[in-house]
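In case you want the letters, here they are:
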Amino acid sequence: MKSLPSALRQGLIRCDECGALAQRGAASRPCPVCGSSLHARIPNSLQRTLAFLLCGYALYVPANIYPIMTVTQFGVGETHTILGGILTLIEGDMLPIAILVFIASILVPLLKLIGLSLLWLCVFYRWQVNARRWTLMYRIIAFVGRWSMLDIFMISILISLVDLGGVAQVLAGPAATAFASVVVITLFAAKNFDPRLIWDNQKI
Amino acid sequence: MNDEFSYETQDTSLNKKAELPLVWLLPICAFIVSGWLIYKSASEKGPVITIDFPTAEGLEIDKTKIRYLDVEIGKVTDININQDAKTIQVTAQMHHTAENYLNQNTSFWVVRPQVGLAGISGLNTLISGAYIEVKPGDGPHQHHFTGLPAAPVLKTEAKGRQFVLETANLGSLGPRTQINFHGIPVGEVLTQELSVHADSIRLVIFIKAPYDQFVRKNTRFWKDSGIDLSAGADGFKVRTGPLVSMLSGGIAFRTPPDDTVKDVKPEYAMFHLYDTYEQSTQIEYRNTLKYVMYFNGSVRGLTEGAPVQLRGIPIGAVTGISLELDAKTADIRIPVTVDLEPDRIKEINKQPNVSNKDMMSRLISKGLRAQLQTGSLLTGQLLVDLDFHPNSKVALHSNNSTYQEFPTIPSSLDQFTHAAQTIMDKIAKLPLNELTTEMNSTLKSLQVTSKAANGMLTDAKQTMGSADKSLQSADQLLRSLEPGSTTRHEIDKLLLELNQSANSVKQLTDYLEQHPEALLRGKDDE
């Protein structure tokens, strides 16, 4: 597939903020329209993405092995991990919800991390791939990222709703923090990854 | 890198600029945090233990907790049925702090709600579900345990001491039976077991501190259960323990004030458990003499434990009443075994080398006899009374028992009934038939006589009528003679005159007596 000549090759730099095109030579100067600094590509994109990715991986482990919430009923606490919650849902004959939770809470963050890792590897090792598809993958990852906070939303609602003192109480566990962090960190990772690099590496 | 359009070659200036590795702090932090979390959870993981239980009732994988003093120290992770297919094995992940408790004598049991007369326990498990409780013990470290079927009585290491009670009959007692001291619950029965020879039951009891120091030398334990309604030879008595004891049985103890702190008994000291409060109040005489008494009459009303009195003072008790049949002579006898406590009798001028038995023999030869007496007319209870009957003979029976025989005399009631019997016999011998015929004829003649008497009575009535008339005329006569009446006046006058005439006659006679010649010569005028 033939790629069109990039803006960079034509000596142009697009402002990230306002989208105005500037001369490449003006890279050290701010954008003539909005005044923000101009970069041909996101600076240190690979390095930052890698850092966020590793961070995400590191947090993904405690997010899944630690209890995400503690349901206290009559003074007796019962802790739930994400996986444990899904198993409980399956046992309770709520397979669709279980699948939904599984996708939103386990699959999506994991796929995001793996997808971003693949993108990163692709750029770093200059894999010759179908740049269009990989860009599509990046878009999906970037879009889905903000929707994977389902668990956190549910827990935060439960905590505020189910607060009956000694009768019943829901408390967030350490995994909730880790999970939220994974989601946020992958958002950052996706944001810091510059998909244009995929195209840059493609041999025409 | 060879690519001329590559990002690096095209914009080297952007890539060359070495950025501060600030962004790398983030993954480092994340690794540290998650690494620490993983390390923490790994280090907090204690040993995995297995516990055998008879049933898995109420136990749930991942939900059932293992607690000690209501602190969670573990969680059930698996439940399996054992090879023998009779018990289950619970696998539990313990907290690392529980390591010290996992010793040979550590006991595990499942706490379930229990409702008993002594109270309700484990109520919280109704909503939270059952949990496994631990009581740490000593001994070597181990990871496999056998769970108790029920909670042990002593759940925690309470301060106090254990004692042993011996009783012949358990009654309504058992583990958890409350022990009261002046009405205060101070302990519980821990275990019960049959003694080696199966002749008694031993109860291990636990008395909480500081009450354990009141278990002293002369402490008496008794069964304080229910309403103690005793109808003894000395009347009715009602005694009740605390309500709980009334419902489910209980034990109480009492220490005489004479016992000092020095007499505190050591742990596992053995005590006898008396059946009633009454029994516990009796002074226990170890030195007893056993005798057998043969009573001729009925012993209805005589019970085991009935007192043996000497002139009204109890000196022993009946221990056994049986029935004997002499196969040869077909005689029925009632041997009554008694325990005499000679220590109750204070001896003065004590003789050395004279045993209690010898002394009793001397008393018997002096005429000491046993006799059944009614203790209470109301209940008809009998007691054995000892007294001196010097004139009675010692009538010994062929004694088959191992005890020496104590001579008896018939009871006063027996004597009375015997005398009554004799009288009745005599009455029976009377010729009643002849008597009745005679009496019949007598009665007939009496009937005739009464008829005659009847006629006489009619005559008498007529006589009475005429008598009445005579009396009426007499009355009239008397009424005419009343003072003030003319007749009376005339009579008075007449009487006066008569009196005068009598006087003059008297004078005449007097004169004539002195002067008889006057009849011839006439009155002498000088």
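A brief structural summary. (Residues numbered from 1 in each chain as written. Chains lettered and ligands numbered in written order. Predicted model: local features only at pLDDT ≥ 70, side-chain atom pairs only at ≥ 80, totals over all residues. Heavy atoms only, no water.)

Tallied over the entire structure, the rule returns zero disulfides over all chains. You can see Cys15(A) has no disulfide; the closest cysteine sulfur is in Cys34(A), sitting 3.5 Å from it. (Disulfide = S-S within 2.5 Å.)

With that settled, consider the packing of helix α1 (residues 45-65) of chain A against helix α3 (residues 95-124) of chain A. Residues and elements named next belong to chain A. At a minimum axis separation of 10 Å, α1 and α3 run at an interaxial angle of 155°. In terms of axis orientation, α1 runs roughly antiparallel to α3. In terms of crossing hand, the pair formed by α1 and α3 is left-handed. Contacts between α1 and α3 pair Leu46, Thr49, Leu50, Leu53, Gly56, Tyr57, Tyr60 and Asn64 from the former with Ile106, Pro109, Leu110, Leu113, Ile114, Leu116, Ser117, Trp120, Val123 and Phe124 from the latter. Among the residues forming the contact of α1 with α3, the class breakdown is 14 nonpolar, four polar and no charged. (Axes fitted to C-alpha atoms, helices over the stretch in contact; angles between N-to-C directions. Helix = DSSP H or I, 4+ residues; strand = E, 2+ residues; numbered from the N terminus. Parallel < 35°, antiparallel > 145°, perpendicular 65-115°, else oblique. Left-handed = near helix turned anticlockwise from the far one by under 90°. Contact = heavy atoms within 4.5 Å. Nonpolar A, V, L, I, M, F, W, Y, C, P; charged D, E, K, R; others polar.)

The amide bond that connects Ala209(B) to the next residue, Pro210(B), takes the cis arrangement and shows omega of 5°. Mapped onto the elements, Pro210(B) comes out in the loop between β13 (201-208) and β14 (220-223). Unlike most non-glycine residues, Asp93(A) shows phi in positive territory, near 55°. The phi angle at Asp70(B) is positive, at roughly 65°, despite the residue not being glycine.

With the rule as written, the count across this model stands at 13 aromatic pairs over all chains. Considering the side-chain rings of Trp127(A) and Trp134(A), the 6.3 Å spacing of their centres and the 80° angle between planes classify their relative orientation as edge-to-face. Each member of the aromatic cluster is reached from another via a ring pair, and the members are Phe163(B), Phe181(B), Phe214(B), Phe221(B), Phe253(B) and Phe271(B). Above the plane of the ring of Tyr131(B) lies Arg67(B), whose end atom (NZ or CZ) is 4.5 Å from the centre. Taking NZ or CZ as reference, Lys366(B) lies 5.7 Å from the ring centre of Phe388(B), over its face. (Phe/Tyr/Trp six-rings, centres within 6.5 Å; stacked < 30°, edge-to-face > 60°. Lys NZ or Arg CZ within 6 Å of the ring centre and 35° of its normal.)

Our focus in this paragraph is the sheet that holds strand β10 (residues 160-167) of chain B. All names here are of chain B. Strand order in the closed barrel made by the seven strands is β10-β13-β12-β11-β17-β14-β18, with mixed pairing throughout. Across the sheet, the mean angle separating the axes of adjacent strands is 35° when strand polarity is ignored. Examined bridge by bridge, strand β12 (residues 184-194) and β13 share seven bridges and lie antiparallel to one another. Paired with Gln192 across the two strands is Leu203, which belongs to β13. (Pairing = 2+ DSSP bridges.)

Moving on: the nonpolar core. The biggest cluster of nonpolar side chains holds 48 residues, and the ones touching the most others in it are Ile68(A), Leu116(A), Leu119(A), Phe179(A), Phe193(A) and Ile198(A). Of all the secondary-structure elements, those providing two or more residues to this core are α1, α2 (82-91), α3, α4 (131-144), α5 (150-161), α6 (174-192) and α7 (196-201) of chain A together with α3 (25-44) of chain B. Broken down by element, this core gets its largest block of residues, 10 residues, from α6(A). Residues in contact with Leu119(A), not counting those within four places in the same chain, are Trp134(A), Met137(A), Tyr138(A), Ile141(A), Phe193(A) and Ile198(A). Listed in part, the 24 residues of the second largest apolar core include Phe295(B), Ala306(B), Leu340(B) and Leu382(B). (Core = buried A, V, L, I, M, F, W, Y, C linked by side-chain atoms within 4.5 Å. Buried < 20%, exposed > 50% of the residue type's maximum accessible area, 1.4 Å probe, protein only.)

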